[in-house]
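One letter stands for each residue in the lines below.
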Amino acid sequence: MVEMSTTLSGRRLANPLMTASGCAANGQELHRFFDVAGLGAFVTKSVMADPRSGRDTPRMAETPSGMLNSIGLQGPGIAAFVEHDLPWLASVGATVLPSIAGGSSTEFAHVAAALRASPAFGCVAGVEVNISCPNVANRGLVFACDPLASAKVVALVREQLPRDVPIFAKLSPDVTDITTIAAACVKAGADGLTMINTLLGMAIDTDRLRPQLGGVTGGLSGPGIRPVAVRAIWQVRQAMFEGRIPTVPIIGVGGVRTGNDALELVAAGASAVQVGTATFNDPSAPMRVLAELTELLETKGFASFADVVGIAHVR
Amino acid sequence: MSDLVTQPVSPGRRARVTQEQAEVIATRRVGSYQHLTLVAPGVAELARPGQFVALAVGGESSSTLLRRSFSIHKVSPSGTYGGTVEIVVSAVGAGTRWIASRQAHDLIDVVGPLGRAFPLPTEPVACVLVGGGYGSAPLFWLAAELRARGCHVEMVLGAASEDKLFGVTLARRSSDGVTVTTDDGSAGQRGWVSDVLPEVITSSGAGVVYGCGPMGMLHSITEIASAHGAVAQVAVEESMACGIGICMTCVMPVVGNDGLTRMVRSCVEGPVFRGDRVRWDAFSGSGAHVPPDAVGAPRTGGH
Ligand SMILES: Cc1cc2nc3c(=O)[nH]c(=O)nc-3n(C[C@H](O)[C@H](O)[C@H](O)COP(=O)(O)OP(=O)(O)OC[C@H]3O[C@@H](n4cnc5c(N)ncnc54)[C@H](O)[C@@H]3O)c2cc1C
Ligand SMILES: Cc1cc2nc3c(=O)[nH]c(=O)nc-3n(C[C@H](O)[C@H](O)[C@H](O)COP(=O)(O)O)c2cc1C
Ligand code: FES
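Residues numbered from 1 in each chain as written. Chains lettered and ligands numbered in written order. Predicted model: local features only at pLDDT ≥ 70, side-chain atom pairs only at ≥ 80, totals over all residues. Heavy atoms only, no water.

1. Some thoughts on the overall build of chain A
Stated formally: We count a stretch as a helix when DSSP gives it H or I for four or more residues in a row; a strand needs E for two or more, and each element gets its number in order from the N terminus. The buried label applies to any residue whose accessible area, calculated with a 1.4 Å probe on protein chains only, is under 20% of its type's maximum; exposed applies above 50%, and partly exposed to all values in between. Contacts between residues were defined by any pair of non-hydrogen atoms, one from each residue, lying within 4.5 Å. Here, Shrake-Rupley sampling with a 1.4 Å probe gives the accessible areas, and only protein chains in the shown set may cover a residue. Counted charges follow a simple rule, with Lys and Arg positive, Asp and Glu negative, and His plus the chain ends left uncounted. Think of each charge as sitting on NZ of Lys, CZ of Arg, CG of Asp or CD of Glu.
For chain A, the count of helices and strands is 8 helices and 17 strands. Looking at chain A residue by residue over its 315 residues, the buried ones come to 63%. For chain A, restricting intrachain contacts to residue pairs at least 6 apart in sequence, the fraction spanning at least 24 positions comes to 70%. Total accessible area computed for chain A in this model is approximately 11100 Å², and 54% of it derives from carbon and sulfur atoms. In chain A, the 24 positive side-chain charges and the 26 negative ones have mean positions that sit 4 Å from each other.

2. Topic: the overall build of chain B
Selection rule: For the radius of gyration, the atoms used are the C-alpha atoms, and the globule rule reads 2.2 Å times the number of residues raised to 0.38.
A count of helical and extended segments in chain B gives 6 helices and 16 strands. Relative to its length of 303 residues, chain B is compact, with a C-alpha radius of gyration of 19 Å against a globular reference of 19 Å. Taking the principal axes of the C-alpha coordinates as reference, chain B spans close to 50 × 50 × 40 Å. For chain B, the residues scored as buried account for 58% of the 303 residues in total. If you take every contact in chain B between residues at least 6 apart in sequence, the share linking residues at least 24 apart comes to 65%. When the accessible area of chain B is evaluated, it comes to approximately 11800 Å², of which 50% is carbon and sulfur surface.

3. Topic: the site of ligand 2
Worth spelling out the cut-off: When at least one non-hydrogen atom of a residue lies within 4 Å of a molecule or strand, that residue is treated as near it. Definition of a polar contact: a pair of N or O atoms within 3.5 Å, with one able to donate and the other able to accept a hydrogen when the atoms are protein atoms, and with sequence-neighbouring residues admitted only if both atoms are side-chain atoms.
If you check the shell around ligand 2, you find 23 residues, and the closest are A:Ser21, A:Ser46, A:Lys170, A:Gly255 and A:Thr277. Neighbouring residues of ligand 2 are not confined to a single chain but are spread across chains A and B. The side chain of A:Ser46 places a nitrogen or oxygen atom 2.6 Å from a nitrogen atom of ligand 2. In the environment of ligand 2, an oxygen atom lies 3.4 Å from a nitrogen or oxygen atom belonging to the side chain of A:Asn197. Within the complex, the protein chains bury 98% of what would otherwise be the 600 Å² of accessible surface of ligand 2.

4. Concerning the sheet that holds strand S12 (residues 208-212) of chain B
All names here are of chain B. Note the cut-off: A pair of strands is treated as paired once DSSP finds two or more bridges between them. Every axis corresponds to a line fitted to the C-alpha atoms, with the helix fit spanning only the stretch in contact, and the corresponding angles, defined between N-to-C directions, vary from 0 to 180 degrees.
Strand order across the open sheet formed by 7 strands is S11-S10-S9-S8-S12-S13-S16, with mixed pairing between neighbours. Each of the sheet's edge strands pairs with one partner strand only, and the pair in question is strand S11 (189-190) and strand S16 (272-274). Here strand S8 (residues 127-132) runs beside S12; their pairing, made up of 5 bridges, is parallel. Paired with glycine 131 across the bridge in S12 is cysteine 212. Helix H3 (residues 139-148) contacts S8, strand S9 (153-159) and S12 of the sheet and is inclined by roughly 175° relative to S8.

5. Remarks on the interface of chain A and chain B
Going by this rule: Buried area is a sum: the accessible area each of two parts loses on coming together, probed at 1.4 Å, counted once for each and added. Every case where a carboxyl oxygen of Asp or Glu lies within 4 Å of a side-chain nitrogen of Lys or Arg is listed as a salt bridge. Under the grouping applied here, Gly and all other residues not named as nonpolar or charged are polar, the nonpolar ones being Ala, Val, Leu, Ile, Met, Phe, Trp, Tyr, Cys and Pro and the charged ones Asp, Glu, Lys and Arg.
Listed by partner, the interface residues are 43 residues for chain A and 48 residues for chain B. Of the roughly 3700 Å² buried between chain A and chain B, counting both surfaces, carbon and sulfur atoms make up 54%. Residue A:Glu62 pairs with B:Arg68 through a salt bridge whose shortest N-O separation is 2.6 Å. Inspection of the region where chain A meets chain B yields 17 residue pairs in polar contact (both at pLDDT 80 or more). In terms of residue class, the side of chain A that touches chain B is built from 16 nonpolar, 15 polar and 12 charged.

6. Focus: the pairing of strand S3 (residues 52-55) of chain B
All names here are of chain B. Along S3, one buried face is formed by Phe52 and Ala54 and the opposite face, lined by Val53 and Leu55, is buried too. The sheet contact formed by S3 and strand S4 (residues 68-71) spans 4 bridges and is antiparallel. For phenylalanine 52, the partnering residue across the bridge sits in S4 and is serine 71. Sheet topology places S3 next to strand S7 (residues 107-114); 3 bridges connect them, and they run antiparallel. Along S7, the bridge assignment pairs leucine 55 with valine 110.

7. Remarks on the side chain of B:Thr182
All names here are of chain B. Tracing the backbone shows threonine 182 in strand S10 (residues 177-182). You can call threonine 182 buried: its relative accessible area is 0%. A distance of 3.1 Å separates a polar side-chain atom of threonine 182 from the backbone nitrogen of serine 186. The residues contacting threonine 182, other than those within four sequence positions of it, are Ala159, Ala160, Ser161, Glu162, Leu165, Ala187, Gln189, Arg190 and Gly191.

8. Observations concerning the packing of helix H1 (residues 78-91) of chain A against helix H2 (residues 105-116) of chain A
All names here are of chain A. Keep this limit in mind: An angle counts as roughly parallel when it lies under 35 degrees, as roughly antiparallel when it exceeds 145, as roughly perpendicular when it falls between 65 and 115, and as oblique in every other case. In this scheme, a crossing is called left-handed if the near helix is turned counterclockwise away from the far one by less than a right angle; it is called right-handed if the turn is clockwise.
Between H1 and H2, the shortest axis-to-axis distance is 9 Å and the interhelical angle comes to 30°. Compared by their axis directions, H1 and H2 come out roughly parallel. By crossing handedness, the relation of H1 to H2 is classed as right-handed. Contact residues: H1 offers Ile78, Phe81, Val82 and Leu86, while H2 offers His110, Val111, Ala114 and Leu115. Taken together, the residues that form the contact of H1 with H2 break down as 7 nonpolar, 1 polar and no charged.

9. A word on the site of ligand 1
The condition is simple: The split of the chain into domains comes from an automatic or database domain assignment.
Around ligand 1 there are 23 residues in total, and B:Ser69, B:Val88, B:Ser90, B:Thr96 and B:Glu237 lie nearest to it. In this structure ligand 1 sits where residues from chains A and B come together. At 2.7 Å, a backbone N or O of B:Ser69 approaches an oxygen atom of ligand 1. Here ligand 1 has 830 Å² of accessible area as a free molecule, and 82% of this is covered by the chains. Going through the elements one at a time, strand S5 (60-63) of chain A together with S4, strand S6 (84-89) and helix H2 (94-100) of chain B are the ones with two or more residues in the shell around ligand 1. With 4 residues, S4(B) is the single largest residue contributor to the shell around ligand 1. Here the shell around ligand 1 is composed, by residue class, of 11 nonpolar, 7 polar and 5 charged. When we break the shell around ligand 1 down by domain, the ones giving at least three residues each are domain 1 (18-114) and domain 2 (117-288) of chain B.

10. Things to note about the confidence of the model for chain B
The following threshold applies: Every residue is assigned a pLDDT by the predictor, reflecting its confidence on a scale from 0 to 100.
On average, residues of chain B carry a pLDDT of 93, and 94% of them reach 70 or more. Every residue in residues 1-13 of chain B scores below 50 in pLDDT, and together they form 51 contacts with partners more than four places removed in sequence or on other chains.

11. Focus: the nonpolar core
In globular proteins that are soluble, nonpolar side chains generally tend to be buried together. Going by this rule: Take the buried Ala, Val, Leu, Ile, Met, Phe, Trp, Tyr and Cys residues and link them wherever side-chain atoms come within 4.5 Å; each set so joined is a nonpolar core.
Among the nonpolar cores identified, the biggest contains 112 residues, and A:Ile100, A:Ile131, A:Leu171 and A:Leu193 are the most heavily contacted of them. When residues of this core are assigned to their parent elements, the largest contribution, 7 residues, is made by helix H5 (residues 226-241) of chain A. Viewed by domain, this core spans two of them, domain 1 (18-114) and domain 2 (117-288) of chain B, each represented by three or more residues. The contacts of A:Ile131, once residues within four sequence positions are left out, are A:Phe108, A:Val142, A:Phe143, A:Ala144, A:Ser150, A:Val153, A:Ala169, A:Lys170, A:Leu171 and A:Cys185. Counting residues in hydrophobic clusters, the runner-up holds 29 residues, among them B:Val130, B:Val209, B:Ile224 and B:Val254.

Laid out in structure tokens, this is it:
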């Protein structure tokens, strides 16, 4: 048997498979298909301070091996999340990685503080900080495109949470040099990084000859973006090996549909793997990928998952 | 009339769902459509009229990732082959063309049953069932359930042309009266279902109007029903990426029991909504705007 546990900044998870934020809602829907407590961690939809309606529809366009989405961070707001969603996840025994977002660094901090105050906070194994969202003060430019803005968010969130609760900054691949942003986040106190969020894209409806999405542009996801995720993880891991960034764990996400896909991200340097868009195709994809990855490592003769993390850098 | 809840799904209300590799055991052309019979005993056992199934396109490595949704036309929980589920497919794009071209013994990955069924009246009131194009598909099964409860059932089927009507003969067997309309007059009365609906409601004294079809049609059914003191229950069709409530793409503005408008997921809180709860004013050609008074709507200067 392969030892599948993984340790993220001092937190041991039973296995490295997770849902991806926004591709699993907050648990109840997928619990109809598999026991969400069986995941290494359940990553919830990014939650902001107040309830949000999200954007106009249509909100999606299918693309070759993927899709574009422009949801606009629709959600119940942190108060409702803490009152309903987190306690439900705790009640079924899930290990949770809540994802938080904000239009300003103070909003991020407020959401983190409310999360910490939750009676169900015990099920939280870490907090994912979705900095790939628009900064209201900077004409909607996403925080993750600006090292200073990213660092400020990370530092403020870090202050709000107990030291033993790791925070993971979720990076956007839409930057010139992702290692610069990664370095800024880690220096500001991020205990780990999640890579990658969606790529900005757009589709034209050729019947109407106008943008297909209500929000005009959208985030590209799915198997089509996997090479971008592998590249981003590789570059940041490489920078850690070279000492340009302090070494912290990376959670890989982007285009994973099979155990073999997950292995690519892991070999590039990911200590855990999230399955997003593939869940829309196969509701039990996160657990299936876990089974496939386990079998694959077994076949390849590895004793433990940890042995494979970043292995492509030393071969 | 049971009130349709439009609040977020609570744990207690979570319905059972299955995923099955369904064998196609029959496929036949019906007018412009392809009528498929799938062996899916799990879905067949659980489904109620108004619910839908989501079918994967291509094999497990297909580059078409998103499932396609279809109303359940009929279920036979204990057929010769085990339980079967029937769907009526209009091949409009690559995904539906792939599904429509499956042959007997091919396998299709099916998730279902999904969404909320048509609520049934507790009293034996007269009902009108209105189907636009393939939108009639789920109504025959509903008609049978209503008649079993002692309801008088009228059906109104409309389409652009005769080949796009589905189930006219079946309607005659399933109901107490059928009215057919086509835009071009190739079958039944020339015109729209909305031209004949007022008269059908009045003559039957209907208390409930069920509808399934294009959004514009559902809007007019709702207005006509309201004007005649009837309740409209409509099954909507929104672009869906997941069909199971996890992506938030299929939302539309609907008024909840508390009077507030929310962008609700039509795959889990729908596809059946009370017509008078839908914010029809927010719909335009290709989608819906977030009404300014919706919960969490963007504020000026804010998000
Ligand atoms: C609840 C529900 C019930 C439905 N019942 C039926 C039925 O009984 N018979 C039938 O023929 N069709 C039905 N549809 C519509 C059917 O799902 C679409 O026609 C189909 O998804 C189009 O796929 P495509 O690949 O052929 O088209 P494409 O245009 O290539 O599809 C591209 C993407 O857009 C989505 N999409 C495009 N048009 C629609 C649409 N009208 N509704 C939802 N998603 C769409 C597709 O799912 C896909 O992700 C139903 C839709 C819903 C939501
Ligand atoms: C419909 C949808 C909604 C998403 N919502 C969020 C979100 O709220 N927060 C976030 O950090 N990422 C969000 N993402 C991005 C995913 O978590 C993930 O980073 C990205 O989709 C790449 O992984 P995938 O190819 O496996 O989907 C969303 C993606 C999709 C497709
Ligand atoms: S289609 Fe994904 S939430 Fe409804």
